[in-house]
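Chain residues, written in single-letter form:
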Amino acid sequence: MDNRHFIEVTRRICGSLDLDEALYDVFCYLKPRFPLDALLISIYETAPRQARVFAMAEEGGGFIVDEPIVLSEAAWSEINRWLEASCTQTIPWLRNQDHPINQEILHIVRTGTPSIQARRIDEFCSLTCALKVKQAIIGNLTFAAEGAHHYDRTHVDFIRQLNDPFAIALSNARRYMDLVHDHQALQRDARKMVGDTMIGADSGLLSVRRLIEQVAPTNSPVLLLGETGTGKEVVANEIHKFSNRSSGPMIRVNCSAIPENLIDSELFGHEKGAFTGAIGTTHGRFERARQGTLFLDEVGELPLAAQAKLLRVLQSGEFERVGGGCPLQADVRIIAATHRDLPTMVQDGLFRADLWYRLNVFPIVIPPLRSRKEDIPTMVNYFIHQKSTEMNLLRCPAPTPGAVDALLAYHWPGNVRELQNLVERALIISKGDQLEFFDFNPQGMALEPNQCKDESRVATLDEITAVHIRWTLEKTHGRIGGKGGAAELLGLNASTLRSRMKKMGIPYGRRELRIN
Ligand SMILES: Nc1ncnc2c1ncn2[C@@H]1O[C@H](COP(=O)(O)OP(=O)(O)OP(=O)(O)O)[C@@H](O)[C@H]1O
C-alpha cells in the first residue's frame, strides 16, 4: 500500500465529525483495494468488562452501533495481554477465522440481540490495531473480511500507519458527540425555563392543546398566530416535545433580531472565505436544526429577499451555504410564528403570497390572555413558584386576599409575559411577605381594545400595539433599553422593540414621541 492510499484515507476519515459517515467514506475507498467486508471502531472497556463496537461501515453504509459484546474470561486474558503490549508499541493483532476470540464473537453475533444478529457475519479474519493518543489507548480500528488468511504483512504495515488520523478522528467524534449530548440537555433545560409547562392546557388553551395533539406527530409546517406574549414559543415547544423529532434539536430564529445583511448566513451558514470575516465554515440554523424543529419566530419581519430564499428551501427541501455550491438536504420541521396580520401584509406587498400559503398549512391562533382570564389564578401560582425558585427564595409567598381579583379586571395588552413580569416585580418588592400586585399599571386599562377614531372600523392589532408602544415610551421619556426602559416594561428585548418601532413608523428619540 503506497503513500497515496494513506493520504486519501486520512482525508476521508477526517472529512466529517460524524464517524459513521467518515468511516463509510474510508470503506468505499478501501473496498476495491483491500480485503474488506467491515471496518470497525471499537473500545475494550474494563468496567464492566466488555468490547463495545462504537461505529462500523460495511457494504450497506456506516452506522453508529454502540453495542456491548461481553466476552469470556479466556478472551479477556488475551485481550489484556495485547492491550498491555500495545501501550508501549503498536502491534496490529492479526486473527484468523479459527482464532478462539473470533469464534466467540461469531457465536455472540449468531445468538445475541436481534440488532447484532442482523449483521449476518460469517467466518471472518480480522486485523486490529490500538488507537492511541499520547500513549493512552482510546479505541481500536479493525479490518474484517469474510473467510480466512486475507491479511499479510503489507496490510499490517498499512494499519499501523493509520493510528494518528483514526485516533484523532475518534477523539474528535467522541468530543463532538459529548457536545451534542450536552447541547441537547441544555436545550431541554432552556425549554423548561421558557416554559416547559403550558398552563391553561385544560382550560383557556384547551382548543389549542387539541390542535397541538393533532399536528405534532405529522411533519407539516405550523403557523402560530397571536399577540405578543401570548405564548407562541411555549406552543412551539409543545409541538416539538410531542413530535417524532423530539430527540432532535429545537432551534429558534428571531427573524426580527437578525440584521438584514446577515440573514442568509444565519439561516443557511457560510463557507470559509464566502465574505470578509468568514474565517471558517459555519453551520446555519437549518443545518443545526437537522432532524429537529426550526422555529421561525416573528416570521412577518423577514425581509422580502430572505422570504424568497426561505420559500425556495421549503419548495425544494434543499439549501446551500453562502459561498458553497453543494446543495444540502433540509431535514427540519418548520414552525413559524407572528403577531402580525400576514394576509394584510400579503395585500400590501410586504409578505410573499406563495410563502404565506406554504407556511399557513396548519394555523393555530393563540387567544390573548384577556379572553381566557380563567387561566390567570393558576398562572399566578405557577409564576410565583417558578420565579421564587429562580430567585432562590426560601419560601413561596402567597398573594394577599383579593390581589388576584384585581388582576382579573385588567385587560393585559402584554399578555402572559406582562403577567409573568408583574409577578416577578411583586416578588422582588415583597421580600418574602405576602404578595401585592400594586405595581401593575391601572392606566393601562385606559387603552381600550378599539383605538380607531372611526368607530365603524375595528383597529388592527398593529394599531393597538403602536398605541401601546407610544404610551410606554411617553412614560419612559423615550428611553428604550436599560433598567426601566420601554423594552423592559413591555417584556421585549430592546432590538426587537426597535425593529417593531421601525416597521410601525414610530420615531426614535425623545422629541417626537406623543400618544396618538
Ligand atoms: N400558557 C403558558 N403557560 C406558562 N407560561 C407561559 C404560557 N404562555 C406564555 N408563557 C410565558 O410567557 C412568556 C412569553 O411567552 P412566549 O415567549 O412564548 O410568547 P410569544 O407569543 O412567543 O411572544 P412574542 O410574540 O413577543 O415573541 C414566556 O416566559 C413563557 O414562558
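Residues numbered from 1 in each chain as written. Predicted model: local features only at pLDDT ≥ 70, side-chain atom pairs only at ≥ 80, totals over all residues. Heavy atoms only, no water.

Q: Would you mind going over the overall build of the chain with me for this structure?
A: When you go through the chain residue by residue, the secondary structure sums to 20 helices and 13 strands. Counting the 516 residues in the chain, one finds 47% classified as buried. Summarising the internal contacts of the chain: among those between residues at least 6 apart in sequence, 65% fall at separations of at least 24. As presented, the chain carries roughly 25600 Å² of accessible surface, and 53% of it is formed by carbon and sulfur atoms. (Helix = DSSP H or I, 4+ residues; strand = E, 2+ residues; numbered from the N terminus. Buried < 20%, exposed > 50% of the residue type's maximum accessible area, 1.4 Å probe, protein only. Contact = heavy atoms within 4.5 Å. Areas by Shrake-Rupley, 256 points an atom, 1.4 Å probe, with all protein chains shown as cover.)

Q: For this particular structure, what's the right way to read the packing of aromatic side chains?
A: By convention here, two paired aromatic rings are described through the distance between centres and the angle between planes. If you walk through the whole model with that rule in mind, you get twelve aromatic pairs. Centroid distance tyrosine 44 to tryptophan 82: 6.3 Å. Interplanar angle 90°. Geometry classified as edge-to-face. In this pair, tyrosine 44 sits in strand β1 (residues 38-46) while tryptophan 82 sits in helix α3 (residues 73-88), placing the two residues 38 residues apart along the sequence. Grouping residues by exposure puts tyrosine 44 and tryptophan 82 together as buried. Taking the centre distance of 4.6 Å and the plane angle of 75° together, the rings of tyrosine 410 and tryptophan 412 count as edge-to-face. Each member of the pair, tyrosine 410 as well as tryptophan 412, carries the same accessibility label: buried. An aromatic cluster is present here, built from Phe34, Phe143, Tyr151 and Phe158 joined pairwise through their rings. (Phe/Tyr/Trp six-rings, centres within 6.5 Å; stacked < 30°, edge-to-face > 60°.)

Q: Looking at this structure, I do not really get the nonpolar core. What am I missing?
A: The tendency in soluble globular proteins is for nonpolar side chains to be buried side by side. The biggest cluster of nonpolar side chains holds 33 residues, and the ones touching the most others in it are Leu30, Leu39, Phe143 and Phe166. Ranked by the residues each element gives to this core, the list is headed by helix α2 (residues 19-30), at seven residues. The next biggest cluster of nonpolar side chains, apart from the first, holds 29 residues, and it includes Leu223, Phe268, Leu294 and Phe319. (Core = buried A, V, L, I, M, F, W, Y, C linked by side-chain atoms within 4.5 Å.)

Q: I tried to follow the sheet that holds strand β7 (residues 222-225) on my own but got confused; where do I start?
A: Paired through backbone hydrogen bonds, the strands of a sheet run either parallel or antiparallel to each other. Strand order in this open sheet of five strands is β8-β9-β12-β7-β13, and the pairing throughout is parallel. Sheet topology places β8 (250-254) and β13 (363-365) at the edges, where each strand pairs with a single neighbour. Here the average twist between neighbouring strands, direction ignored, is 20°. Here β7 pairs with β13 via three bridges, running parallel. Bridge assignment links leucine 223 to a residue of β13, and that residue is proline 363. The strands that helix α8 (residues 206-215) touches are β7, β12 (332-338) and β13; relative to β13, the one it contacts most, it runs at about 160°. (Pairing = 2+ DSSP bridges. Axes fitted to C-alpha atoms, helices over the stretch in contact; angles between N-to-C directions.)

Q: For this particular structure, what's the right way to read helix α17 (residues 415-430)?
A: Every α-helical turn comprises 3.6 residues, leaving residues that sit three or four positions apart pointing alike. Taking 1.5 Å per residue as the helical rise, α17 with its 16 residues ought to reach 22 Å, and the 23 Å between its terminal C-alpha atoms agrees with that figure. Along α17, the residues that are buried comprise Asn415, Val416, Glu418, Leu419, Gln420, Asn421, Leu422, Val423, Ala426, Leu427 and Ser430. For α17, the elements touching its buried residues are α15 (376-390), α16 (403-408) and α19 (486-490). Trailing α17 by a residue or two, lysine 431 shows a phi angle of about 50°, which is positive. (Expected span 1.5 Å × (residues − 1).)

Q: Explain the sheet that holds strand β4 (residues 93-95) to me, please; I cannot follow it from the model alone.
A: Taken in spatial order, the six strands line up as β3-β2-β1-β6-β5-β4 in an open sheet, and their pairing is antiparallel. The two strands at the open ends of the sheet, each matched to only one other strand, are β3 (61-69) and β4. For this sheet, the mean inter-axis angle between neighbouring strands, taken without regard to orientation, is 20°. In this structure, β4 lies alongside strand β5 (residues 124-133), joined through three bridges in antiparallel fashion. Its bridge partner lying in β5, leucine 94 is registered against leucine 127.

Q: Just checking my understanding: could you explain the pairing of β1 for this structure?
A: Two faces, one strand: in a regular strand the side chains alternate between the faces of the sheet. Burial within β1 is extensive, with seven of its nine residues counted as buried. Bridge analysis of β1 against strand β2 (residues 49-58) gives nine bridges, and the strand direction is antiparallel. For alanine 38, the partnering residue across the bridge sits in β2 and is glutamate 58.

Q: Sorry, what's going on with the side chain of histidine 155 here?
A: Relative to the helices and strands, histidine 155 is located in helix α6 (residues 153-161). For histidine 155, a relative accessible area of 10% puts it in the buried group. In contact with histidine 155, other than residues within four places in its own chain, are Phe34, Pro35, Leu127 and His150.

Q: Any chance you could explain α6 here in plain terms?
A: Along α6, the residues classified as buried are His155, Val156, Phe158 and Ile159. Across the axial projection of α6, the buried residues extend over an arc of 165°, all falling on one side. (Arc of directions from axis to C-beta.)

Q: Is there a simple way to think about the environment of isoleucine 121 in this case?
A: Mapped onto the secondary structure, isoleucine 121 falls in the loop between α5 (114-117) and β5. Through-space distance from the C-alpha of isoleucine 121 to that of arginine 110 is 8.1 Å; in sequence the pair is eleven residues apart. Setting aside residues up to four positions removed in sequence, isoleucine 121 forms contacts with Leu106, Val109 and Arg110.

Q: Is there a simple way to explain the pairing of strand β9 (residues 292-297) in this structure?
A: In terms of residue burial, β9 counts as a mostly covered element, since six of its six residues are buried. Pairing of β8 with β9, which is carried by five bridges, proceeds in the parallel orientation. Bridging from a neighbouring strand, asparagine 254 pairs with aspartate 297 of β9. Note that β9 and β12 share five bridges and pair parallel. Residue leucine 296 lies in a different strand from β12, and its bridge partner there is alanine 336.

Q: Before we go on, may I ask you to explain the environment of threonine 378 in this structure?
A: Assignment of secondary structure puts threonine 378 in helix α15. Separated by 179 residues in sequence, threonine 378 and isoleucine 199 place their C-alpha atoms 7.2 Å apart.

Q: Where do I start with unusual backbone geometry in this structure?
A: Phi angles above zero are rare outside glycine, and glutamate 298 is one such case at about 55°. Secondary-structure assignment places glutamate 298 in the loop between β9 and α12 (304-316). With phi around 50°, tryptophan 412 is a residue other than glycine that occupies positive phi space.

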